[in-house]
Amino acid sequence: MTGSDAPRIDTSRPHPARVYDWWLGGKDNYPVDEALARRILEVDGTVLRGARANRRFMTRAVRTAAEAGIRQFLDIGTGIPTEPNLHQVAQGVAPEAKVVYADNDPIVLRHAQALLHGSAEGATDYVEADVRDLDTLLARARESLDFSQPVALSLVAITHYLDDEVYGLVQRYVDALAAGSYVILSQVTPDLSPAAIEKAAEQFRRSGTPFFPRSLAEFSRFFDGLELLGPGVIPVSGWRPAPEDVAAQAEGIVPVYAGVARKV
């Protein structure tokens, strides 16, 4: 995609995917993104650890789903590619796994080709769509995935950018999934570091980015009607931790909840 057909990148406002990229040490961000990332880091010293903890949680959760037999994955709010990417984890367990990424940032679209290099046996695809445009996103995803069969839906670190209409939105996504599907979620919470999270949320809002931290009870609502996998809803580094997660917990709890559930 070149010339007049190329999507316009708005560099006047920060974008969550690019702010997250800066926190992860990436280079695919603009001064406006770096400025917001630094302001939030000043008021919440956990954000770098939180970004990394979210990535590790995604890895563990996707591996769990793949080892349970899931062979289709829909990752919404993909972000800018950072290894290991979801398809690398899923296809590392099951080379035949199919993965669809979805995001609405033109920079992610620019990097989509990197995301599409999966295993020879499996398939990867990329959908440019906003999570709130459910009908378009699912229609495009169905070109690659068979929704009559189980799918693992990944919504990692995205729900805190959406207001309370997100509950109905997530329910509509879950309704589209077959029995046996998995739902993977993580979300910033004010419970574990209230003052710092409120300051971070204010920085997001001042930048024009909505931000909605949620309590344990509010986050747990996303799993209503689903079968939670052990250990349930828990701070992100504590969800089936690997040794590096145990080591990270020694630095302090990250104010992010995580959980994985199965549709029965």
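Here goes a summary of the coordinates provided. A quick note: this is a predicted structure, and the numbers were derived from the prediction, not measured. (Residues numbered from 1 in each chain as written. Predicted model: local features only at pLDDT ≥ 70, side-chain atom pairs only at ≥ 80, totals over all residues. Heavy atoms only, no water.)

**Comments concerning the packing of aromatic side chains**
How two aromatic rings sit relative to each other is set out by the distance from centre to centre and by the angle between their planes. The tally for this structure, following the rule as stated, stands at 9 aromatic pairs. When the centroid spacing of 5.7 Å and the interplanar angle of 80° are considered together, the rings of Tyr-161 and Phe-204 count as edge-to-face. Taken together, the positions of Tyr-161 in the loop between strand E4 (152-156) and helix H8 (166-175) and Phe-204 in helix H9 (residues 194-206) put the pair 43 residues apart, joining distant regions of the chain. Its relative accessible area of 15% is what places Tyr-161 among the buried residues. Three or more aromatic residues joined by ring pairs make a cluster, and in this case those are Tyr-167, Phe-219, Phe-222, Phe-223 and Tyr-257. The cationic tip of Arg-142 hangs over the ring face of Phe-147; the distance from NZ or CZ to the ring centre is 5.0 Å. Against the face of Tyr-167 rests Arg-221, its NZ or CZ located 3.6 Å from the ring centre. (Phe/Tyr/Trp six-rings, centres within 6.5 Å; stacked < 30°, edge-to-face > 60°. Helix = DSSP H or I, 4+ residues; strand = E, 2+ residues; numbered from the N terminus. Buried < 20%, exposed > 50% of the residue type's maximum accessible area, 1.4 Å probe, protein only. Lys NZ or Arg CZ within 6 Å of the ring centre and 35° of its normal.)

**Overview of the nonpolar core**
Trp-23, Phe-57, Val-62, Phe-73 and Val-260 are the most contacted members of the largest nonpolar core, which has 52 residues in total. Take this core: its biggest share by element is 9 residues, from helix H3 (residues 47-67). Ignoring sequence-local partners within four residues, the contact set of Phe-57 consists of Val-156, Ile-184, Leu-185, Ser-186, Val-236, Trp-239, Ala-258, Gly-259 and Val-260. Counting residues in hydrophobic clusters, the runner-up holds 35 residues, among them Leu-74, Ala-102, Ala-129 and Phe-223. (Core = buried A, V, L, I, M, F, W, Y, C linked by side-chain atoms within 4.5 Å. Contact = heavy atoms within 4.5 Å.)

**Overview of H9**
The terminal C-alpha atoms of H9, which comprises 13 residues, lie 18 Å apart, in line with the 18 Å expected from a rise of 1.5 Å per residue. Among the residues of H9, Ala-196, Ile-197, Ala-200, Ala-201, Gln-203 and Phe-204 are the ones counted as buried. Summarising the axial view, the buried residues of H9 lie within an arc of 155°, below the 170-degree limit, and thus occupy one face. Seen from the buried face of H9, the exposed residues on the opposite side, beyond 90 degrees, are Ala-195 and Arg-206. Contacts made by the buried residues of H9 are with helix H1 (16-23), helix H2 (31-43) and strand E5 (182-188). (Expected span 1.5 Å × (residues − 1). Arc of directions from axis to C-beta.)

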